[in-house]
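Survey of secondary and tertiary structure
Each chain is listed here by its residues.
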Amino acid sequence: MTHSFDPAAARADILTRIAAAAKAAGREAADVALVAVSKQQPWDRVATILETGQTVFGENRVQDAMAAWEGHREGVELRLIGPLQTNKVKEAVAFFDVIETLDREKLAAALAQEMTKQGRTPRLYVQVNTGEEEQKAGVIPTQADAFIKACRETHGLVIEGLMCIPPAEEPPGPHFALLAKIAARNGIAKLSMGMSDDFETAVRFGATSVRVGSALFGPRG
Ligand SMILES: *Cc1c(COP(=O)(O)O)cnc(C)c1O
């Protein structure tokens, strides 16, 4: 027997859980945005979520996102949450509203140059590799302050927020706390943290956006 997954019902449930976690932490539900991570999802599921009034979506690959969202871009905020190669910066600046994976100076320089050239200013998040995992992108915590400073002072970039993906096998709380601490001491207000399995914890630690994929859309193809 197969049960069909109902993304609209899943979204209502997730929004309720975000609101409850916010309230429990003395925060406003409205201060936490749900980013619907639509990567590798069939378009009918994405369309179902769009119909619920969801406007913010996350994608992890530039080319895939452009192919999926061509013709559906109006009224939608698209966030790049996957690694960005410098040879894709031109497309990324033209296409995304938010780029959450700024993590090295070469990329900062390329973004600054392309943003000037195109006259477009996607909002930028610095990705921090809080678990210092070798295979994972992001600046390591001890270099975060210097990197943020270089983004601002050397490259003239406005850093809206920080983003992290904690190690899969560790409790996420300490990683979320670390990201919040780095943000606070650098005067950064936005925190992109929390996914399907841990978004309520992230809200408790101050997430201003949570990136939820499989819990919202069902398993990826
Ligand atoms: C895929 C992905 C998500 C969503 O993961 P789920 O566990 O499906 O919610 C969130 N953030 C990033 C950076 C991702 O690549």
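Treat the numbers as computed from the prediction; the structure is a model and nothing was measured.

**With respect to the state of the cysteines**
On inspection of all chains with the given rule, the structure shows 0 disulfides. C151 takes part in no disulfide bond, and the closest cysteine sulfur to it belongs to C164, at a distance of 17 Å. By relative accessible area, which is 0% here, C151 ends up buried. The class of C164 is buried, set by a relative accessible area of 0%.

**Topic: the pattern of salt bridges**
Across all of its chains, the model carries 12 salt bridges by this definition. One salt bridge connects R123 with E77, and the closest N-O pair in it is separated by 3.3 Å. Residue R123 is found in strand β5 (residues 123–127), and its partner E77 is found in strand β3 (residues 77–80); the two are separated by 46 residues along the sequence. By relative accessible area, R123 is classed as partly exposed at 30%. We note a salt bridge from E100 to R79, for which the minimum N-O separation is 2.8 Å. Here E100, found in strand β4 (residues 98–102), pairs with R79, found in strand β3; they are 21 residues apart in sequence, far enough to count as distant. Of the residues examined, E100 reaches a relative accessible area of 0% and is grouped as buried. Connected via shared salt-bridge partners are E77, R79, E100, R123 and E160.

**Side note on the site of the ligand**
The environment of the ligand is formed by V37, K39, I81, M163, I165, M195, S196, R211, V212, G213, S214 and R220. Between an oxygen atom of the ligand and a side-chain N or O atom of S196, the distance comes to 2.5 Å. Taken atom by atom, the bulk of the ligand overlaps the largest pocket. Residues that form the shell around the ligand fall into these classes: 6 nonpolar, 3 polar and 3 charged.

**Comments concerning the layout of surface pockets**
The calculated volume of the largest pocket comes to roughly 580 Å³. Lining of the largest pocket is provided by 26 residues; of these, K39, I165, M195, R211 and R220 occupy positions nearest its centre.

**A word on the UniProt feature "modified residue: N6-(pyridoxal phosphate)lysine" (unreviewed entry) in the protein chain**
Those residues carrying the UniProt feature "modified residue: N6-(pyridoxal phosphate)lysine" (unreviewed entry) are K39 in this numbering. Residue position: K39 is located in the loop between β1 (33–37) and α2 (43–51). Given a relative accessible area of 18%, K39 falls into the buried group.

**Section: the UniProt feature "domain: Alanine racemase N-terminal" (unreviewed entry) in the protein chain**
Those places that UniProt annotates as "domain: Alanine racemase N-terminal" (unreviewed entry) correspond, in this numbering, to residues 18–219. End-to-end, the C-alpha atoms of residues 18–219 are 20 Å apart, and along that stretch the chain is 40% helix and 17% strand.

**Some thoughts on the packing of helix α6 (residues 141–153) against helix α7 (residues 173–185)**
α7 packs onto α6 with a crossing angle of 30 degrees between their chain directions and a minimal axis gap of 11 Å. As summarised for this structure, α6 and α7 are arranged roughly parallel, according to the angle between their axes. Both α6 and α7 take part in a crossing whose hand is right-handed. In this structure, α6 uses P141, A144, D145 and I148 to contact α7, whose residues at the interface are L178, I182 and R185.

**Structural notes on the environment of Q54**
Looking at the element boundaries, Q54 is found in the loop between α2 and β2 (56–59). In this structure, the C-alpha to C-alpha distance between Q54 and A68, residues 14 residues apart in sequence, is 16 Å. Leave out the neighbours within four places in its chain, and Q54 touches R11, L34, V35, A36 and I49. Separated by 2.8 Å, the side chains of Q54 and R11 make a polar contact. Within the structure, the side chain of Q54 is placed 2.7 Å from the backbone oxygen of L34, a separation counted as a polar contact.

**A few points about the packing of aromatic side chains**
Under the counting rule described, the total for this entry stands at 3 aromatic pairs. Between F57 and W69, the ring centres sit 4.8 Å apart and the planes meet at 55 degrees, which makes this aromatic pair tilted. Taken together, the residues span a long stretch of sequence, with F57 in strand β2 and W69 in helix α3 (residues 62–69) at a distance of 12 residues. Taken individually, F57 and W69 each receive the classification buried, so the pair is uniform in this respect. An angle of 85 degrees between the planes, with centres 5.4 Å apart, marks the rings of F95 and F96 as edge-to-face. Judged by relative accessible area, F95 falls into the buried class, the value being 13%. According to the relative accessible area criterion, F96 is buried, its value standing at 0%. Among the aromatic residues, ring-to-ring pairing joins W43, F57 and W69 into one connected group. Note that R73 overlies the ring of F95, its terminal NZ or CZ placed 5.0 Å from the centroid.

Conventions and cut-offs
- Residues numbered from 1 in each chain as written.
- Predicted model: local features only at pLDDT ≥ 70, side-chain atom pairs only at ≥ 80, totals over all residues.
- Heavy atoms only, no water.
- Disulfide = S-S within 2.5 Å.
- Buried < 20%, exposed > 50% of the residue type's maximum accessible area, 1.4 Å probe, protein only.
- Salt bridge = Lys/Arg side-chain N within 4 Å of Asp/Glu carboxyl O.
- Helix = DSSP H or I, 4+ residues; strand = E, 2+ residues; numbered from the N terminus.
- Near = heavy atom within 4 Å.
- Polar contact = N/O pair within 3.5 Å; in protein donor to acceptor, adjacent residues only side chain to side chain.
- 1 Å grid on protein atoms, 1.4 Å probe; cavity = no way out; pocket = protein on both sides within 12 Å on 5 of 7 lines; lining within 4 Å.
- Sits in = over half its atoms within 2 Å of the grid points.
- Nonpolar A, V, L, I, M, F, W, Y, C, P; charged D, E, K, R; others polar.
- Points joined across faces, edges and corners; volume = space filled by probe spheres on them.
- UniProt positions renumbered as here; feature names shortened; annotations may be inferred.
- Axes fitted to C-alpha atoms, helices over the stretch in contact; angles between N-to-C directions.
- Parallel < 35°, antiparallel > 145°, perpendicular 65-115°, else oblique.
- Left-handed = near helix turned anticlockwise from the far one by under 90°.
- Contact = heavy atoms within 4.5 Å.
- Phe/Tyr/Trp six-rings, centres within 6.5 Å; stacked < 30°, edge-to-face > 60°.
- Lys NZ or Arg CZ within 6 Å of the ring centre and 35° of its normal.

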